[in-house]
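If you want the building blocks of each chain, they are given just below.
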Amino acid sequence: PDPAPSEFGMQCLSFFIIFQAVSALALPMSLSPSSMQTITQPPPARRSSSLAYDNGSKEKYNRMDLWRKRWNLPTKPSFTTTALASSSSSSMQQDETKPIYTFGVIADIQYAPIPDGHSYGGNPRYYRHAKNAAEHAAKHFQEEKVQCVLNLGDIVDGKCGDVERWGGSVSNNNEQGETVEEGEKTSSVAHDAIDDVLEALSSYNAGRILHTYGNHELYNLSRKDLADKLSIPFTLEPTNDLVGYYDHSLDQPQQPSSMKIRFVILDSYDICLLGRCGETSPKVRAAHEILSKNNPNYPEQENSPEGLEGLSRRFVGFNGGVDTPQLEWLKQSLQMARENDEKVILCSHQPIHPESTWATCLIWNYDEILSVVRDFNDVVIASFSGHAHKGGYTRDEISGIHFRTFEAMLESPDPIRTYACVDVWEDRLEVRGWGDCMSDTYDLDHLNI
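Residues numbered from 1 in each chain as written. Predicted model: local features only at pLDDT ≥ 70, side-chain atom pairs only at ≥ 80, totals over all residues. Heavy atoms only, no water.

Some thoughts on the overall build of the chain
Put simply, the test is: Going along the chain from the N terminus, every DSSP run of H or I of four or more residues is numbered as a helix, and every run of E of two or more is numbered as a strand. In what follows, residue pairs with any heavy atoms lying within 4.5 Å of each other are defined as contacts.
Assigned secondary structure in the chain consists of ten helices and 18 strands. Taking the contacts inside the chain whose residues are at least 6 apart along the sequence as the reference set, 70% of them involve residues at least 24 apart.

Structure, rendered in structure tokens:
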């Protein structure tokens, strides 16, 4: 029953006295409420749950502590590790000095000229808004004069191959599904769609856009198309297969520094089922053998991980692997970076570290890549990837290298625009996320071990 009026009044008075006492203890006398408002961080960005962040930042930094304990280091870095607040505006609180380098990051735009829809797993997708978000990001990158931009792949969606099925329309002069060569299906709608995204990104011209490619490009376009449109310098290997691995250097710092950065871009669809001739390509045959051995659903349901457990769930048809020639090139590139005193950021569409993503998004032979990379932890700062749309992060316990999966632009509704700027300092990387992209700070103390 409700309390009597006198009792209720006494309860209110008691509550008021307690509240005042607690407030007096909690608020230092030197800080007025108005001054508190000026130092309070903005609220964090809206974001969906993701594998790596399900347990919050405490679990994330516990993983970092495991690496530090391995080397008897302090459990906290020498600078503040509190994540920077995300913002949807271009006005950010700046440090008094500029970072050494700044670059932009976008992932999984997956534009298609169709109405909003869902993934096969039921996640909402905003196909048209993603292109508008890309245009907004490009203008921001140009405004900040970032020195380059990483596009981590899947610039268009696979549904471009059949837009009418998904509620879009095709002009009379626009025929879909023209087959150029066996294994190389091309969609004229996808050609137009990728041109539309590149036009949206064209306001950025302060530096180069470093493109990776993913499974969704290969659903629509050949590697020759991607070389032409995205300026990916594909290597023609002795097997007569095109493979898109390359590197790019930053050596013009924004403030005095001897630090040099090399981006090493991997092709995680080197060995895969997509976009190659099944009769003549040894890489397709290798993919067939890998899936036949590891996924009982193949070939009838090549994209299904049903019945697979743990890391075996990576053996699905929309993933791929890295072949021996590319692994050798990676070793040589990292050795060259070491000799030139360069620090490396790896880039790939698929994630490399199993704790930075779902198993269903992992590179097939991630362990071979990790084995190479761990030998160069004095060189490699971080590995950046896309593919897993909700994002993820881990710090490798063995090497101390940071592995970050960036959140997809595709799954953020209007007016949210998801992308990031990354500032490189002598002792850390700072990720400034917008929209659903998580901001964070990654220290570089592993480079000195």
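Observations concerning the environment of F318
Which entries qualify depends on this criterion: Residue exposure (1.4 Å probe, protein chains only): buried if accessible area is under 20% of the type maximum, exposed if over 50%, otherwise partly exposed.
By the secondary structure assignment, F318 is in the loop between α8 (282–294) and α9 (324–339). Overall, F318 belongs to the buried group, its relative accessible area being 19%. The residues touching F318, leaving out its near neighbours within four places in the chain, are N215, Y219, Y269, N303, T360 and H387.

Looking at the packing of helix α4 (residues 127–144) against helix α5 (residues 188–201)
Going by this rule: Between the N-to-C directions of two axes lies an angle of 0 to 180 degrees, each axis being a line fitted to C-alpha atoms and, for a helix, fitted only over the stretch in contact. To sort the angles, those under 35 degrees are grouped as roughly parallel, those over 145 as roughly antiparallel, those from 65 to 115 as roughly perpendicular, and the leftovers as oblique. All amino acids are sorted into three groups, where Ala, Val, Leu, Ile, Met, Phe, Trp, Tyr, Cys and Pro are nonpolar, Asp, Glu, Lys and Arg are charged, and the leftover types, Gly among them, are polar.
α5 packs onto α4 with a crossing angle of 30° between their chain directions and a minimal axis gap of 7 Å. Compared by their axis directions, α4 and α5 come out roughly parallel. For the pair α4 and α5, contact is made by K131, A134, E135 and A138 and by D196, V197, A200 and L201, respectively. In the contact of α4 with α5, the residues fall into five nonpolar, no polar and three charged.

Thoughts on the confidence of the model for the chain
Quick note on the threshold: Every residue gets a pLDDT, meaning the predictor's confidence in that residue, from 0 to 100.
The predicted model of the chain has a mean per-residue pLDDT of 83, with 77% of residues at 70 or higher. Taken as a whole, residues 1–61 scores under 50 in pLDDT and shows 44 contacts with residues more than four places along the chain or in a different chain. Note on residues 172–183: pLDDT under 50 across the span, and 26 contacts to partners over four residues away in sequence or across chains.

Notes on the packing of aromatic side chains
Put simply, the rule reads: Pairing of aromatic rings covers Phe, Tyr and the six-membered ring of Trp, with a centre-to-centre limit of 6.5 Å; geometry is then stacked below 30 degrees between planes, edge-to-face above 60, and tilted otherwise.
Taken as a whole and judged by the stated rule, the model has nine aromatic pairs. Measuring from centroid to centroid gives 6.5 Å for F141 and Y204, while their planes differ by 85°, and the two rings are edge-to-face. Here Y204 lies in the loop between α5 and β7 (208–211) and F141 lies in helix α4, a separation of 63 residues in the sequence. With respect to burial, F141 and Y204 carry one shared label: buried. Look at Y213 and F234: their rings are 5.6 Å apart centre to centre, the planes differ by 45°, and that puts the pair in the tilted class.

Quick word on the pattern of salt bridges
If charged atoms from side chains of opposite charge come close, those side chains can pair. For clarity, the cut-off: A side-chain nitrogen of Lys or Arg and a carboxyl oxygen of Asp or Glu constitute a salt bridge if their distance falls within 4 Å.
Within the structure shown, the criterion is met by 20 salt bridges. In this structure, R432 engages E144 in a salt bridge whose closest nitrogen and oxygen atoms are separated by 2.9 Å. In this pair, R432 sits in strand β17 (residues 428–434) while E144 sits in helix α4, placing the two residues 288 residues apart along the sequence. Classification of R432 as buried rests on a relative accessible area of 6%. Among the ionic pairs, R428 bridges to D427, the shortest N-O distance being 2.9 Å. Because the salt bridges share partners, they merge into one network encompassing E237, D270, K283 and D323.

Focus: unusual backbone geometry
Residue P299 is reached from Y298 by a cis peptide bond, and omega for that bond is 5°. You can see P299 is positioned in the loop between α8 and α9. The amide bond that connects D414 to the next residue, P415, takes the cis arrangement and shows omega of 10°. Looking at the element boundaries, P415 is found in the loop between β15 (402–405) and β16 (419–424). With a phi angle near 50°, Q110 is a residue other than glycine that sits in the positive phi range. Tracing the sequence through the fold places Q110 in the loop between β1 (101–106) and β2 (117–118). For Q110, a relative accessible area of 0% puts it in the buried group.

Regarding the pairing of strand β14 (residues 392–395)
Cut-off, in case you're wondering: In this scheme, strands are said to pair when DSSP sees at least two bridges between them.
In β14, alternate side chains face the same way, and those of G392 and T394 on one face and Y393 and R395 on the other are all buried. The pairing of β14 with β15 spans four bridges and is antiparallel. Of the residues in β15, the one forming a bridge with Y393 is R404. Remark: six residues form the turn of the hairpin made by β14 and β15, two consecutive strands paired antiparallel; G400 in that turn has positive phi of roughly 85°.

Thoughts on the sheet that holds β16
Read from one edge of the open sheet, six strands run β7-β4-β1-β16-β17-β18, paired in mixed fashion. Each edge of the sheet is formed by a strand with only one pairing partner; in this case those strands are β7 and β18 (440–443). Ignoring which end each strand starts from, the neighbouring axes of this sheet average 20° apart. Of the strand pairs in this sheet, β16 and β17 are connected by six bridges, and their pairing is antiparallel. Within the sheet, the bridge partner assigned to A420 lies in β17 and is G433. On the sheet, α4 packs against β1, β4 (148–151), β16 and β17 and is oriented at approximately 25° with respect to β16.

A closer look at the pairing of β15
Burial along β15 is two-sided: the face carrying H402 and R404 and the face carrying F403 and T405 are both buried. In terms of strand pairing, strand β13 (residues 380–385) meets β15 through four bridges, oriented parallel. For F384, the partnering residue across the bridge sits in β15 and is R404.

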